[in-house]
Amino acid sequence: TVSVLYWPPMPTDSAVEAVRSSLGLQLFAILAAIFAPIWWAMTFSLLIYKITFLRYPPTAFGFEIVSTALVWITQAGAVTFIKRGNLTENPPFLALGVGFAVVTAGGAAYYMYGQTYVMMLDLGFSATMVAINGILILGGVFTMQSFGGENAQVLAQQHQQQAQQGSAKHQKSE
């Protein structure tokens, strides 16, 4: 027979649970973490180009620079909470990450349609950012759904076992 060694050793009891975290969601969260600084650098550079060569209102420039930084910060929050919630199978962290991803997708959509001058390069990068966040949102919701049902069943079983143990201890003490 062929023996395969695993490190860390696999538990041999029957209490082993299946992993419910999503590999696809984790990979898209990593992709979002890689793409966000690229999106920010491109958007920031295009804003500098627009204010230098186009008739761009100075008041809009300040707002849009601050907005790009806020979109990047919310993207970092979304990635952090989605990765943590996915790996720890924790629905509240995942829900918080999905909320941040919704805000980030809205900010990127603003840069697709709402800013003073929209260039085709802006449109392409922002559309990619919206698509990545859309996949993160859908993946986060589906993963939360897979955590929710099984977590509720596991918690109900644990509560039932604790109640049975408590009643057994109570009967022994009498």
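Bear in mind the structure is a predicted one, so any value in this text is a computation, not a measurement.

A. Spatial organisation of the side chain of Gln 26. Along the chain, the position of Gln 26 falls in helix α1 (residues 23-53). For Gln 26, a relative accessible area of 10% puts it in the buried group.

B. Looking closely at the pattern of salt bridges. Per the counting criterion, the structure on display carries 1 salt bridge. Notably, a salt bridge pairs Lys 50 with Asp 122, separated by 2.4 Å at the nearest N-O pair. Placement of Lys 50 in helix α1 and of Asp 122 in helix α4 (residues 120-173) is noted, with a sequence separation of 72 residues between them.

C. Region of the structure containing the packing of helix α2 (residues 58-88) against helix α3 (residues 91-113). Where α2 meets α3, the closest approach of the two axes is 7 Å, and the angle between their N-to-C directions is 150°. With respect to their mutual orientation, α2 and α3 come out roughly antiparallel. Remark: the crossing between α2 and α3 carries left-handed chirality. Of the residues contributing to the contact of α2 with α3, the split by class is 14 nonpolar, 10 polar and 2 charged.

D. Molecular detail of unusual backbone geometry. For Glu 89, which is not glycine, the phi torsion reads 55° and is therefore positive. With respect to the element layout, Glu 89 can be found in the loop between α2 and α3. When its relative accessible area of 18% is taken as the criterion, Glu 89 is described as buried.

E. Representation of the confidence of the model for the protein within the structure. Looking at the protein as a whole, the pLDDT averages 82, with 78% of positions reaching at least 70. Ranking the elements of the protein by mean pLDDT puts α4 last, at 80, and α3 first, at 93. Low pLDDT, under 50, characterises residues 1-6; the predicted model gives this stretch 0 contacts beyond four residues in sequence or across chains.

F. A look at the packing of aromatic side chains. For the structure shown, the criterion picks out 9 aromatic pairs. Each ring, one from Trp 39 and one from Tyr 111, has its centre 5.6 Å from the other, and the planes form 80°; the classification is edge-to-face. You can see Trp 39 sitting in helix α1 and its partner Tyr 111 sitting in helix α3, a full 72 residues away along the chain. In this pair, the class of Trp 39 matches that of Tyr 111, namely buried. Between Trp 40 and Phe 44, the aromatic rings sit 5.0 Å apart at their centres with planes inclined by 15°, giving stacked as the arrangement. A residue pair is termed a helical-turn pair when its members lie 3 or 4 positions apart in one helix, as Trp 40 and Phe 44 do in helix α1 at 4 residues. Look at Trp 40 and you get partly exposed, because its relative accessible area is 23%. Its relative accessible area of 25% is what places Phe 44 among the partly exposed residues. Above the face of the Phe 93 ring, Arg 84 is positioned so that its terminal group lies 5.8 Å from the ring centre.

So, how was this worked out
Residues numbered from 1 in each chain as written. Predicted model: local features only at pLDDT ≥ 70, side-chain atom pairs only at ≥ 80, totals over all residues. Heavy atoms only, no water. Helix = DSSP H or I, 4+ residues; strand = E, 2+ residues; numbered from the N terminus. Buried < 20%, exposed > 50% of the residue type's maximum accessible area, 1.4 Å probe, protein only. Salt bridge = Lys/Arg side-chain N within 4 Å of Asp/Glu carboxyl O. Axes fitted to C-alpha atoms, helices over the stretch in contact; angles between N-to-C directions. Parallel < 35°, antiparallel > 145°, perpendicular 65-115°, else oblique. Left-handed = near helix turned anticlockwise from the far one by under 90°. Nonpolar A, V, L, I, M, F, W, Y, C, P; charged D, E, K, R; others polar. pLDDT = per-residue confidence, 0-100. Contact = heavy atoms within 4.5 Å. Phe/Tyr/Trp six-rings, centres within 6.5 Å; stacked < 30°, edge-to-face > 60°. Lys NZ or Arg CZ within 6 Å of the ring centre and 35° of its normal.

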